[in-house]
Amino acid sequence: LGRSSMLTLSAAAALAYSPTVAAPHARTSAASVSSRASAPRLGLLQKLGLRRGARFADDLGLPCVDECAVASYPNLPPSVHPGVVTGQALVDLLQHAKENRYAIPAVNCVTSSSVNTCLEAARKADAPIIIQFSSGGSQFYAGKGLDNTDYKAAIAGAVSGAYHVRAMAEQYGVPVILHTDHCAKNLLPWLDGMLAASERYYAAHREPLFSSHMIDLSEEPLEENIDICVEYLQRMAKLDMLLEMELGITGGEEDGVDNEDANPEDLYSKPEEIWQVYEKLSAVPNGRFTVAAAFGNVHGVYAPGNVKLDPEILGNAQTFIADKVSSSDAKPVSFVFHGGSGSDLKDIKQAIDYGVVKMNIDTDTQWSYWDGIRAYYKKYEPYLNSQIGNPDGADKPNKKFYDPRMPVRSAEETTVARLGQCFSDLNCVDVF
């Protein structure tokens, strides 16, 4: 348990990701990871006054101090600590959310600024948060000038973002679920590259780099969807990772995936279909999973009345599955709510009552970020038209106004405020 040599953030990322090992998707390939038997138990670390996440901050020479140095929280399970949560701590956190009827906001991030905004909002709410990257967002994080052949840039961007989240989450003192969003069949090589990074990280730290990943094969036949998810869950289970799978189609458009013309029937999952998923994924040893079942969800924001959510689908599925497994738990499934932006608050609350533990937010935060930039420009427009010369004088410099940090910070502030509303809507305030 001795302190390892201090690494710079970029060097740490390089250790976890090498393009030469991010092989194309092979459904039959087995994960090559160290035996779990040699991993230190969390209980032992707690007895020693340590926690899994502390090692990362120490390696960077950024030990946590003051409030962020706590090993756990008074109102959360003892396994949940500041920083990225994985394995049993992740399961405990989601179960706590379900039992206490709150959902954790999951925000798509595309820059370090958007990551930091999420952490700031979570700290203000005293609540956990889910930071997630899409394939397009990951590529943008790496830089659009980087070649993305074989999803190389998307893999590098996601891994780079993961290290940034790990470095900063502990400094903000909040628990973070580090996740990736929609991965369709053609994007599975992107997932393979990230899993390879987690396998290397696990070998060194006994926990995965990411907390969880989502596979979205909702456009494939149900049997194929389930079979591929089972294969990936078997690989991820060896790393103590959680899989989010999508069942049924989320309407609208997001990150290049266009389902605006989807068959209305595909927007609503059936209890029998959700049971098929639950039964197969539950059979995977050490398998941890959530289900993004469709109950009329649509990506984007639409005029009132155009989106018809039916959270009762989730309630009916919980009853159906609890009866199948003879469970005393009335809500055996942990559900995910996609297309949460612009949803009616009544539907959100009802979905949480039926076992939703995670709600995706993207469109609303995209707008709030832009709105901050727009407001800044409108407020200081006379100072933003030239480097020199403004209402205060023809020779007055404007550098402090066009400094990129100024409009970016304005965007962060409006997004922190919008996320504050999201935390409140999801009953996810003062969770610590």
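The preceding data block contains the structure.
Structure report, in brief. (Residues numbered from 1 in each chain as written. Predicted model: local features only at pLDDT ≥ 70, side-chain atom pairs only at ≥ 80, totals over all residues. Heavy atoms only, no water.)

## Details of the environment of Glu207
Alright, step 1. Within the secondary structure, Glu207 sits in the loop between helix H8 (188–205) and strand S5 (212–215).
Alright, step 2. On the accessibility criterion, Glu207 (3% relative accessible area) is buried.
Alright, step 3. For the pair Glu207 and Val85, spaced 122 residues apart in sequence, the C-alpha to C-alpha distance is 9.3 Å.
Alright, step 4. In terms of polar contacts, Glu207 uses its side chain to reach the side chain of Arg166, at 3.2 Å. (Helix = DSSP H or I, 4+ residues; strand = E, 2+ residues; numbered from the N terminus. Buried < 20%, exposed > 50% of the residue type's maximum accessible area, 1.4 Å probe, protein only. Polar contact = N/O pair within 3.5 Å; in protein donor to acceptor, adjacent residues only side chain to side chain.)

## What about the pattern of salt bridges?
Alright, step 1. What the rule picks out here adds up to 15 salt bridges.
Alright, step 2. One salt bridge connects Arg418 with Asp364, and the closest N-O pair in it is separated by 2.7 Å. You can see Arg418 sitting in helix H15 (residues 405–425) and its partner Asp364 sitting in helix H13 (residues 363–380), a full 54 residues away along the chain.
Alright, step 3. Taken together, the salt bridges that share partners define one network made up of Glu120, Arg409, Glu412 and Glu413. (Salt bridge = Lys/Arg side-chain N within 4 Å of Asp/Glu carboxyl O.)

## Some words on the packing of helix H6 (residues 135–142) against helix H7 (residues 152–172)
Alright, step 1. As a packed pair, H6 and H7 sit with axes 7 Å apart at the nearest point and diverge in direction by 80°. If you check the angle between H6 and H7, you find them roughly perpendicular. In this structure, H6 contributes Ser135, Ser138, Gln139, Tyr141 and Ala142 to the contact, and H7 contributes Ala153, Ala154, Gly157, Ala158, Ser160, Gly161 and His164.
Alright, step 2. Tallied by class, the residues present in the contact of H6 with H7 amount to five nonpolar, seven polar and no charged. (Axes fitted to C-alpha atoms, helices over the stretch in contact; angles between N-to-C directions. Parallel < 35°, antiparallel > 145°, perpendicular 65-115°, else oblique. Contact = heavy atoms within 4.5 Å. Nonpolar A, V, L, I, M, F, W, Y, C, P; charged D, E, K, R; others polar.)

## Section: the packing of helix H5 (residues 112–125) against H7
Alright, step 1. For the pair H5 and H7, interaxial distance at closest approach is 10 Å and the crossing angle is 25°. Here H7 runs roughly parallel to H5, going by the angle between their axes. Here H5 runs over H7; the crossing is right-handed. Seen from H5, the contacting residues are Ser112, Val115, Asn116, Leu119, Glu120 and Arg123; seen from H7, they are His164, Val165, Met168, Ala169 and Tyr172.
Alright, step 2. Split by residue class, the contact of H5 with H7 holds six nonpolar, three polar and two charged. (Left-handed = near helix turned anticlockwise from the far one by under 90°.)

## Overview of the nonpolar core
Alright, step 1. Counting residues in each nonpolar core, the largest one holds 105 residues, and the members touching the most others are Ile131, Phe335 and Phe423.
Alright, step 2. Residues within four places of Phe335 in sequence aside, it is in contact with Ile274, Val291, Ala293, Leu314, Ala317, Gln318, Tyr354, Gly355, Val356, Val357 and Lys358. (Core = buried A, V, L, I, M, F, W, Y, C linked by side-chain atoms within 4.5 Å.)

## Some thoughts on unusual backbone geometry
Alright, step 1. At Arg206, a position not held by glycine, the phi torsion is positive, near 65°.
Alright, step 2. Within the secondary structure layout, Arg206 lies in the loop between H8 and S5.
Alright, step 3. Taking relative accessible area as the criterion, Arg206 reaches 19% and is therefore assigned buried.
Alright, step 4. For Ser326, which is not glycine, the phi torsion reads 50° and is therefore positive.

## Description of the pairing of strand S9 (residues 288–293)
Alright, step 1. With respect to burial, S9 is a largely interior element, six of its six residues being buried.
Alright, step 2. The alternating pattern of S9 places Arg288, Thr290 and Ala292 and Phe289, Val291 and Ala293 on opposite faces, both of which are buried.
Alright, step 3. When strand S6 (residues 242–247) meets S9, the two strands line up parallel, connected through six bridges. Following the sheet pairing, Met245 is matched in S9 by Val291. (Pairing = 2+ DSSP bridges.)

## Focus on empty space enclosed by the protein
Alright, step 1. Following the criterion strictly, the structure yields five cavities of 30 Å³ or more and no others.
Alright, step 2. Put simply, the largest cavity is a space of about 80 Å³.
Alright, step 3. In terms of lining residues, the largest cavity is bounded by Leu90, Leu94, Ile130, Ile177, His179, Ser212, Leu242, Glu244, Thr290, Val336, Val357 and Lys358.
Alright, step 4. Looking at the lining of the largest cavity, the elements with two or more residues in it are helix H4 (87–99), strand S4 (175–180), S6 and strand S11 (356–361). (1 Å grid on protein atoms, 1.4 Å probe; cavity = no way out; pocket = protein on both sides within 12 Å on 5 of 7 lines; lining within 4 Å. Points joined across faces, edges and corners; volume = space filled by probe spheres on them.)

## Quick word on the side chain of Glu199
Alright, step 1. Relative to the helices and strands, Glu199 is located in helix H8.
Alright, step 2. Of the polar contacts made by the side chain of Glu199, one reaches the side chain of Arg235; its length is 2.8 Å.

## A short note on the pairing of S11
Alright, step 1. The element S11 is extensively covered by neighbouring structure, given that six of its six residues are classed as buried.
Alright, step 2. Looking at chain direction, strand S10 (residues 335–337) and S11 are connected through three bridges and run parallel. Among the inter-strand pairings, Phe335 is bridged to a residue of S11, identified as Val356.

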